[in-house]
Amino acid sequence: RQNPELWELALDPENQYRRSVIDQVVSTALPDAKDADEVSAAVRAFIGADLPNELIELLEKIVLHSSNFSKNKNLQNLLIFTAIKS
């Protein structure tokens, strides 16, 4: 989950399973995560893949719904910044 090359491959627009990967990450994988490095790697990957809408969806799940990171100010700020920028 923390390998940048794997994230790049999974989020490549040419990957036929890209949408499925994004949906799984947003809906189940990261909201249940307990490791900050996993969340950080996913957020960086979504930013690198230029997926602002998906990033907002992911951050909403992590920050707005009760998770281990719901009180994380950096993620809250990133959510606001990404929403404004989109």
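**Q** Would you mind going over the pattern of salt bridges in detail, with residue names and values included?
**A** The final tally for this structure, using the stated rule, is two salt bridges. Among the salt bridges present, the one from Asp 23 reaches Arg 19, with a minimum N-O distance of 2.9 Å. Here Arg 19 and Asp 23 lie together in helix α2 (residues 18-29), a separation of four residues that amounts to about one turn. Judged by relative accessible area, which is 35%, Asp 23 ranks as partly exposed. On the basis of relative accessibility, which here comes to 40%, the residue Arg 19 falls in the partly exposed class. With a shortest N-O distance of 3.1 Å, Glu 54 and Arg 19 are connected by a salt bridge. Of this pair, Glu 54 sits in helix α4 (residues 52-64) while Arg 19 sits in helix α2, placing them 35 residues apart in sequence. One network of salt bridges, with partners in common, ties together Arg 19, Asp 23 and Glu 54.

**Q** Go over the packing of α2 against α4, please, and point to the residues and values.
**A** It is the contact of α2 with α4, at a shortest axis distance of 9 Å, that shows an interaxial angle of 25 degrees. With respect to α4, the element α2 is oriented roughly parallel. Here Arg 19, Ile 22, Val 25, Val 26 and Ser 27 of α2 come into contact with α4, specifically with Glu 54, Glu 57, Leu 58 and Lys 61.

**Q** I'd like to hear about the nonpolar core, residue by residue, with values.
**A** Of all hydrophobic cores here, the largest spans 23 residues; its most connected members are Trp 7, Leu 30, Val 39, Phe 46, Leu 58 and Leu 75. Elements represented by at least two residues in this core include exactly α2, α3 (36-48), α4 and α5 (73-85). Filtering out sequence-adjacent residues up to four positions away, Leu 75 remains in contact with Val 39, Val 43, Leu 59, Ile 62, Val 63 and Phe 69.

**Q** Account for α5, with residues named and values stated.
**A** Owing to its 3.6 residues per turn, the α-helix aligns residues three or four sequence positions apart on the same side. Between the first and last C-alpha of α5 there are 18 Å, a value that for 13 residues agrees with the 18 Å anticipated at 1.5 Å per step. Within the sequence span of α5, burial applies to Leu 75, Leu 79 and Thr 82. Buried residues of α5 fall within an arc of 75 degrees about the axis and therefore sit on the same side. Of the exposed residues in α5, the ones pointing more than 90 degrees away from its buried face are Lys 73, Asn 74, Phe 81, Ile 84 and Lys 85. Along its buried surface, α5 packs onto α3 and α4. The backbone nitrogen of Asn 74 lies 2.9 Å from a side-chain oxygen of the residue at the head of α5, namely Asn 72.

Parameters and conventions
Residues numbered from 1 in each chain as written. Predicted model: local features only at pLDDT ≥ 70, side-chain atom pairs only at ≥ 80, totals over all residues. Heavy atoms only, no water. Salt bridge = Lys/Arg side-chain N within 4 Å of Asp/Glu carboxyl O. Helix = DSSP H or I, 4+ residues; strand = E, 2+ residues; numbered from the N terminus. Buried < 20%, exposed > 50% of the residue type's maximum accessible area, 1.4 Å probe, protein only. Axes fitted to C-alpha atoms, helices over the stretch in contact; angles between N-to-C directions. Parallel < 35°, antiparallel > 145°, perpendicular 65-115°, else oblique. Contact = heavy atoms within 4.5 Å. Core = buried A, V, L, I, M, F, W, Y, C linked by side-chain atoms within 4.5 Å. Expected span 1.5 Å × (residues − 1). Arc of directions from axis to C-beta. Polar contact = N/O pair within 3.5 Å; in protein donor to acceptor, adjacent residues only side chain to side chain.

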